[in-house]
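This is what each chain is made of:
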Amino acid sequence: MRPSVSALLLLATLALPSSAVKNEDFRKCKDSAFCRRGRALAQRAKDAAPGAWKSPYTVIDEAVRVLPHTSGITAVLKNELYPGIKFRIEVRVHDDGVVRVRADEVKGLKKRYDEAASWALIREPVLAPQYEVTWVIGAWETTGHYKGREIRVFYKPFRIVLFQDGREDIVLNGEGLFNMEHFREKTPPADKTEEEAPAPEEAADQKVIEEPKKPVKATAWFEGEEEDGYWEETFKSWTDSKPKGPESISMDVAFPGHQHVYGIPQHAAPLSLPATTGPDSFFDDPYRLWNLDVFEHEASSTMSLYGSIPLMHAHSDKSTVGIFNAVASETWIDVSHPKPDSTLTHWISESGILDVFLLPGPTPEDIFAQYARLTGTPVLPPLWSIAYHQCRWNYISSQDVREVQKAFDDNEMPVDVLWLDIEYSEEHKYFMWKDKTFPDPVEMIEDVAAVGRKMVAIVDPHLKRDHTYPAYKEAMDLDILVKSSNNNNYEGWCWPGSSAWVDFFNPAAWTWWQGLFSLKDKEGVKWRWEKSSKNLFIWNDMNEPSVFNGPEITMQKDNVHYGGWEHRDVHNINGMLYANQTARALLAREEIPKRPFVLSRSFFAGSQRHGAIWTGDNMGTWEHMAVGLQMALADGIAGMTFSGADVGGFFGNPGSEMLTRWYQLGVFFPFFRAHAHIDTKRREPYLLEEPYKSIVRDLLRLRYSLLPVWYTAFRETSVTGMPLLRPQYVMFPKDYKGFAIDGQFYVGSSGLLVKPITQEGVTETDVWLAEDEVYYDYFTYKTYQGAKGGKSVTLPTPIEKFPVLIRGGSILPTRQRPRRSSTLMKQDPFTITIALDSSGTASGQLYLDDGDSFSHEKGELVWREFQAAVLGKRKKKGSLQIMSIDLASAKPDQAVDGTSLSELYTPANAFAQSIKDVKVEKIKVLGLLKEPKEVYLHNNTHDPIQLAWEWDNASSLLTVKNPSTKIVEDWTITVKWV
Ligand code: NOJ
């Protein structure tokens with residue numbers, strides 16, 4: 001959200017202008033001096049005569065040392081253009097093969113920010129045991145040999161190459177664009193007397209205008225002639241005082257042999273990132289990472305948006321590799337393809353040390369595990385938070401909230417969470433209810449909670465500068481506010497008018513912030529949010545931070561945070577820290593902690609550990625719908641799997657067709673929330689006319705029936721880091737025809753393949769099946785056969801339909817009884833759908849726990865695997881065996897970091913006991929060729945029981961009804977043809 005300063009008055013009336021993005025309010029590379037310098041360096045390299053460009057950076061060979069007791073080396077790097085300046089470089093190999101490269105200036109005039117990794121990483125990475133890495137220090141290069149790979153550090157020029165399988169997979173500084181601007185003293189401007197420098201009018205009068213003779217800088221071939229924006233920079237009306245001067249880092253990273261790169265969210269761009277420079281460039285500006293609140297952003301752009309994760313995957317049919325660049329300052333990334341099947345990237349960051357992690361893969365699974373080991377796996381959220389959320393700016397009163405809830409119930413539409421945007425708060429002083437419209441907030445929340453629902457209220461990071469507002473007063477007294485460059489508390493504008501921002505980098509802010517959310521009076525807590533409830537959860541918005549009258553709608557870069565760091569150094573981490581502290585506050589709220597839920601708009605590497613994000617203020621257009629999916633896919637591969645776009649589009653009034661299609665997409669977003677701008681017409685799903693209303697009701701019910709599938713997928717991502725929405729290249733890493741596909745995806749490991757319709761009037765669509773396997777339509781059971789090498793199949797898509805296919809070989813556990821909320825489904829029976837593959841086998845998992853506490857960490861869970869296999873011939877003799885086995889006993893649940901979550905598991909744990917009577921009410925089998933003759937159930941407690949079944953010839957569907965099995969028990973069902 002971003003109104004112009006002149007529109008601030010309008011904010012009071014909440015009438016926001018609705019025009020397209022104001023591009024001129026946001027920097028392009030050409031408006032950012034360090035980006036200009038970085039790109040100009042790349043241009044000089046390109047313009048140089050063939051072979052003439054040589055990086056001036058060299059490793060001093062006699063200074064290479066193997067680190068004692070670690071699997072790394074240190075070396076000294078120098079820039080030949082500045083003989084006095086040295087950088088210490090360190091290369092370390094982690095036990096999973098990741099290579100970390102760090103560099104910092106030795107005894108620099110100032111200190112570079114070196115804490116970005118400490119916020120992003122979950123722990124100090126485990127280094128490879130020393131005996132696993134052999135370093136050979138040679139005259140031209142040092143090579144580390146480990147696990148069949150090589151990391152080679154070349155001295156002159158400096159270059160680092162990761163080799164695997166005899167291939168150069170990642171190359172740092174192969175193009176010679178590496179440049180770490182050292183700290184320097186500001187040189188006084190050249191001494192010019194008035195005589196020497198005539199005023200322009202006088203100069204014009206002189207007959208011969210002498211060109212002032214500038215000495216050619218010896219470093220000009222590399223650095224350029226000008227000191228472009230080294231010491232001060234003005235963008236529009238804001239001047240950045242740049243107290244530390246230039247310290248930017250430019251670095252080229254090549255992925256030879258990899259045509260596709262993915263990741264670096266968040267951009268409204270295709271999943272396979274199009275080139276930004278070179279002959280095949282699609283965009284003309286580099287991808288930018290600088291968390292910003294971009295009002296009405298475009299649907300196709302490299303502009304930065306609300307969150308930044310500097311993680312990139314590079315993919316080919318030979319390997320998937322990646323780079324994680326732990327930098328929090330403004331970063332621009334150019335992508336180009338020097339050869340059709342290779343990718344060159346150029347990263348330009350404004351400040352900080354060099355701290356990059358080379359992820360060797362070589363499979364997508366490996367990359368996800370490697371990144372998760374560094375920054376943590378996504379959180380296992382409360383079950384209710386993966387159900388349906390209904391939001392709007394704003395439900396205007398407690399009465400309104402109750403009416404919305406009633407309308408959902410009257411229309412038999414499930415919903416789990418009702419949201420309150422900023423208008424619940426008095427003068428936008430968060431925590432303070434507007435008494436007039438919300439006279440009974442706690443009662444309202446409890447009314448909603450009566451059927452297991454929750455509420456979420458917004459708490460933004462800006463505090464109204466009003467001494468009667470306790471949150472502001474206390475933060476000021478504690479001296480925990482962000483400072484301006486002049487060391488006074490920073491003041492900016494946001495929803496409440498003049499505001500201040502808590503500095504969440506200051507540990508003193510953390511305990512204080514937790515206190516605000518506590519439900520009971522606590523020692524040391526002065527003021528807390530009294531009118532709250534354990535059923536109220538939090539939405540952290542505007543945390544880039546958004547500052548209406550700041551440069552690019554955010555804070556000045558020379559603002560100062562705890563520890564004296566400038567805002568420029570830490571900006572991209574800011575939003576994550578804020579949401580992280582809110583999640584901690586919710587954790588601390590109850591004696592026996594419940595899983596928190598915090599939705600954050602801004603994010604960074606590591607945000608996945610704390611909660612969900614959404615893609616921000618999208619528009620109600622088809623283009624935004626399509627890019628919303630691409631953005632969620634990119635978020636997911638960068639760890640931020642719990643993500644989704646505002647269903648319906650934030651701005652605008654989508655028609656019924658678009659809204660219906662939007663729900664079809666939203667049902668398959670990990671975070672499924674409808675939201676709308678205050679100026680839009682009400683569009684809760686029950687307001688739709690028929691047939692759309694019934695279609696959307698069915699869609700909501702579809703989400704609820706699939707909650708076991710989703711929850712199982714969330715558990716998997718929380719231990720493996722694998723994304724919830726899996727693009728084709730992740731599922732089929734050898735199928736090059738699928739590498740750029742980003743309109744369809746698989747849901748976790750479930751085998752569900754989904755292609756939402758994101759265009760108007762589409763009556764059929766093609767789905768890419770990458771393998772020679774059978775796929776079943778989820779709704780009709782019609783089969784579609786893939787082919788070796790891949791095949792496109794066409795599916796009809798009238799408004800009530802979109803492709804949801806079950807991959808042959810999958811088993812889906814679902815719950816088919818419509819309920820008002822997910823909590824009410826706890827004792828509901830299961831339907832198990834078995835989709836046999838071409839060889840007559842299938843498997844699938846089900847994970848359950850109490851859905852909101854941490855008792856699963858003590859082994860209170862149910863984790864089962866269903867297996868099905870045809871033994872013998874399906875048509876004539878033979879049988880189909882279907883088994884339910886206790887996976888938690890059979891296979892300790894190993895997380896990527898080696899910990900086992902189910903170590904304490906016993907089959908009779910309290911949670912399993914609490915659902916011991918929950919039945920399987922139906923088993924459906926797809927893919928049989930003939931009706932069977934007998935169906936038997938075997939379990940440990942009684943003799944085989946004969947079961948009844950139905951056979952539907954048209955769809956070859958076998959339905960075993962009421963098979964007398966319990967979901968927590970082991971059992972086997974045998975289907976026989978003789
Ligand atoms: C901006 C958020 O992106 C939007 O979702 C919210 O409704 C408004 N702020 C008002 O809080």
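The chain is annotated in an unreviewed UniProt entry as Glucosidase II subunit alpha of Tulasnella calospora MUT 4182. The Pathway (unreviewed entry) field of the UniProt record for the chain holds the comment "Glycan metabolism; N-glycan metabolism." Per UniProt, the chain carries the Sequence similarities (unreviewed entry) text "Belongs to the glycosyl hydrolase 31 family."

Helix and strand counts for the chain stand at 18 helices and 50 strands. Counting only C-alpha atoms and orienting by the principal axes, one finds that the chain spans roughly 105 × 70 × 55 Å. Out of the 978 residues in the chain, the part that is buried amounts to 63%. Long-range pairs, those at least 24 residues apart, make up 71% of the contacts in the chain with a sequence separation of at least 6. Carbon and sulfur atoms form 52% of the exposed surface of the chain, whose accessible area is close to 36100 Å². Between the mean site of the 110 positive side-chain charges and the mean site of the 132 negative ones, the chain shows a separation of 5 Å.

Going through the model one piece at a time under the given rule, you end up with one disulfide. Each sulfur of the disulfide joining Cys-29 and Cys-35 lies 2.1 Å from the other. The chirality of the disulfide connecting Cys-29 with Cys-35 is left-handed, given an S-S dihedral of about -105°. This pair shows no difference in class: Cys-29 is buried, exactly as Cys-35 is. Left without a disulfide partner, Cys-391 is nearest to the cysteine sulfur of Cys-494, which lies 17 Å away. The class for Cys-391 is buried, based on a relative accessible area of 2%.

One open sheet holds the three strands; their spatial order is S24-S26-S25, and the pairing between them is antiparallel. Of all strands in the sheet, those bounded by a partner on one side alone are strand S24 (462-464) and strand S25 (492-494). When the angles between neighbouring strand axes are averaged without regard to direction, this sheet yields 60°. Pairing between S25 and strand S26 (residues 497-501): three bridges, direction antiparallel.

A few words now on the site of the ligand. Not every one of the 14 residues close to the ligand is listed here, only the nearest: Asp-421, Asp-541, Arg-601, Asp-617 and His-675. At 2.5 Å from an oxygen atom of the ligand is found a side-chain nitrogen or oxygen belonging to Asp-421. With respect to the ligand, the side chain of Asp-541 contributes an N or O atom lying 2.7 Å from a nitrogen atom. Here the ligand loses 100% of its free accessible area of 290 Å² to cover by the protein chains. Its residues assigned to classes, the shell around the ligand shows nine nonpolar, one polar and four charged.

Our focus in this paragraph is helix H6 (residues 364-375). Between its first and last C-alpha, H6 extends 16 Å over twelve residues, near the 16 Å set by a 1.5 Å rise per residue. Of all twelve residues in H6, nine are buried; the element is thus mostly enclosed. Among all positions in H6, only Pro-364, Ile-367, Phe-368, Ala-369, Gln-370, Tyr-371, Ala-372, Leu-374 and Thr-375 are buried. Positive backbone phi, at 100°, marks Gly-376, one or two positions downstream of H6.

Moving on, we get to the confidence of the model for the chain. Low pLDDT marks regions whose predicted coordinates should not be analysed in detail. Scored by pLDDT, the chain has a mean of 93; 94% of the residues are at 70 or more. Across the chain, element-level confidence peaks in strand S34 (residues 752-754) with a mean pLDDT of 99 and bottoms out in helix H1 (residues 8-13) with 36. Of the regions scoring below 50 in pLDDT, residues 1-18 engages in 42 contacts with residues more than four places distant in sequence or in other chains. When the criterion is pLDDT under 50, residues 192-206 qualifies, and its contacts beyond four places in sequence or with other chains add up to five contacts.

Quick look at the nonpolar core now. Counting residues in hydrophobic clusters, the biggest one holds 219 residues, and the most contacted among them are Phe-431 and Phe-668. Inspection of this core shows a minimum of three residues originating in each of domain 1 (34-182 + 245-258 + 320-375) and domain 2 (826-976). Contact partners of Phe-668, with chain neighbours within four places excluded, come to Leu-702, Arg-703, Leu-706, Trp-710, Leu-725, Phe-745, Val-747, Leu-752, Val-754, Phe-802 and Val-804. Membership of the second largest hydrophobic core comes to 57 residues, among which are Ala-42, Phe-87, Tyr-155 and Phe-222.

A word on the UniProt feature "domain: Glycoside hydrolase family 31 TIM barrel" (unreviewed entry) in the chain. Cross-referencing UniProt, the feature "domain: Glycoside hydrolase family 31 TIM barrel" (unreviewed entry) maps to residues 378-713 in the present numbering. Its end C-alpha atoms 11 Å apart, residues 378-713 is made of 32% helix and 12% strand.

Glycine aside, negative phi is the norm for most residues, and most peptide bonds take the trans geometry. Of the consecutive residues Pro-265 and Gln-266, the connecting peptide bond is found in the cis state with omega at 20°. Examined against the element boundaries, Gln-266 turns out to sit in the loop between strand S14 (260-263) and strand S15 (287-289). Omega for the bond connecting Glu-544 with Pro-545 falls within 30 degrees of zero, at 5°, which places this linkage in the cis form. Considering the arrangement of structural elements, one finds Pro-545 in the loop between strand S27 (536-540) and helix H11 (567-587). In the Ramachandran plot, Glu-412 falls in the positive-phi region, its phi being about 55° despite a non-glycine side chain. Residue position: Glu-412 is located in the loop between helix H7 (398-410) and strand S22 (417-420). In this structure, Asn-487 is a non-glycine residue whose phi angle is positive, near 75°. Relative to the helices and strands, Asn-487 resides in the loop between helix H9 (470-477) and S25.

We now examine the pattern of salt bridges. Counted by the stated rule, this structure contains 63 salt bridges. Taking the shortest distance from any N to any O, the salt bridge between Glu-423 and Lys-434 comes out at 3.8 Å. Note that Glu-423 is positioned in the loop between S22 and helix H8 (441-449) and Lys-434 in the loop between S22 and H8, a separation of eleven residues in sequence. With a relative accessible area of 24%, Lys-434 lands in the partly exposed category. Residues participating in the shared-partner salt-bridge network are Arg-27, Asp-240, Arg-288, Glu-330, Glu-350, Glu-552, Lys-557, Glu-566 and Arg-568.

What follows deals with the sheet that holds strand S32 (residues 725-726). Across the sheet, which stays open at both edges, the six strands sit in the order S32-S33-S34-S39-S36-S37 with antiparallel pairing between neighbours. A strand with exactly one partner marks an edge of an open sheet, and here the two such strands are S32 and strand S37 (783-785). Inspection of the sheet shows S32 paired to strand S33 (residues 745-747) by two bridges, in the antiparallel sense. Opposite Arg-726, over in S33, you have Tyr-746 as the bridge partner.

For the rest of this paragraph, the subject is the pairing of S27. Across the five residues that make up S27, a large majority, five, are buried. Burial along S27 is two-sided: Leu-536, Ile-538 and Asn-540 facing one way and Phe-537 and Trp-539 facing the other are all buried. Note: strand S23 (residues 454-458) against S27, four bridges, orientation parallel. Looking at the pairing, Ile-458 lines up with Trp-539 of S27. When S27 meets strand S28 (residues 598-600), the two strands line up parallel, connected through three bridges. Opposite Asn-540, over in S28, you have Ser-600 as the bridge partner. Handedness of the crossover joining S27 and S28 through H11 is recorded here as right-handed.

With that settled, the discussion passes to the pairing of strand S6 (residues 141-146). Where burial is concerned, most of S6 is hidden: five out of the six residues are buried. The sheet contact formed by strand S5 (residues 133-137) and S6 spans five bridges and is antiparallel. Counted as the bridge partner of Ile-137 is Thr-142 from S6. The antiparallel hairpin formed by S5 and S6 contains three residues in its connecting segment. Hairpin connection from S6 to strand S7 (residues 149-154): two residues lie between these consecutive antiparallel strands, with Lys-147 at a positive phi of about 40°.

A few words now on the environment of His-267. In this structure, His-267 sits in the loop between S14 and S15. Along the chain, His-267 and Asp-635 lie 368 residues apart, while their C-alpha atoms are 9.6 Å from each other. Excluding anything up to four places from it in sequence, His-267 contacts Tyr-287, Arg-288, Leu-289, Ser-301, Thr-302, Met-303, Ser-304, Leu-305 and Met-631. Among the polar contacts made by the side chain of His-267, one reaches the main-chain carbonyl oxygen of Ile-264 at a distance of 2.9 Å.

Quick notes on the rules
Residues numbered from 1 in each chain as written. Predicted model: local features only at pLDDT ≥ 70, side-chain atom pairs only at ≥ 80, totals over all residues. Heavy atoms only, no water. UniProt positions renumbered as here; feature names shortened; annotations may be inferred. Helix = DSSP H or I, 4+ residues; strand = E, 2+ residues; numbered from the N terminus. Buried < 20%, exposed > 50% of the residue type's maximum accessible area, 1.4 Å probe, protein only. Contact = heavy atoms within 4.5 Å. Areas by Shrake-Rupley, 256 points an atom, 1.4 Å probe, with all protein chains shown as cover. Lys, Arg positive; Asp, Glu negative; His and termini not counted. Charge placed at Lys NZ, Arg CZ, Asp CG, Glu CD. Disulfide = S-S within 2.5 Å. Pairing = 2+ DSSP bridges. Axes fitted to C-alpha atoms, helices over the stretch in contact; angles between N-to-C directions. Near = heavy atom within 4 Å. Polar contact = N/O pair within 3.5 Å; in protein donor to acceptor, adjacent residues only side chain to side chain. Nonpolar A, V, L, I, M, F, W, Y, C, P; charged D, E, K, R; others polar. Expected span 1.5 Å × (residues − 1). pLDDT = per-residue confidence, 0-100. Core = buried A, V, L, I, M, F, W, Y, C linked by side-chain atoms within 4.5 Å. Domains from an automatic or database assignment. Salt bridge = Lys/Arg side-chain N within 4 Å of Asp/Glu carboxyl O. Right-handed = clockwise from strand over helix to strand, strands pointing away.

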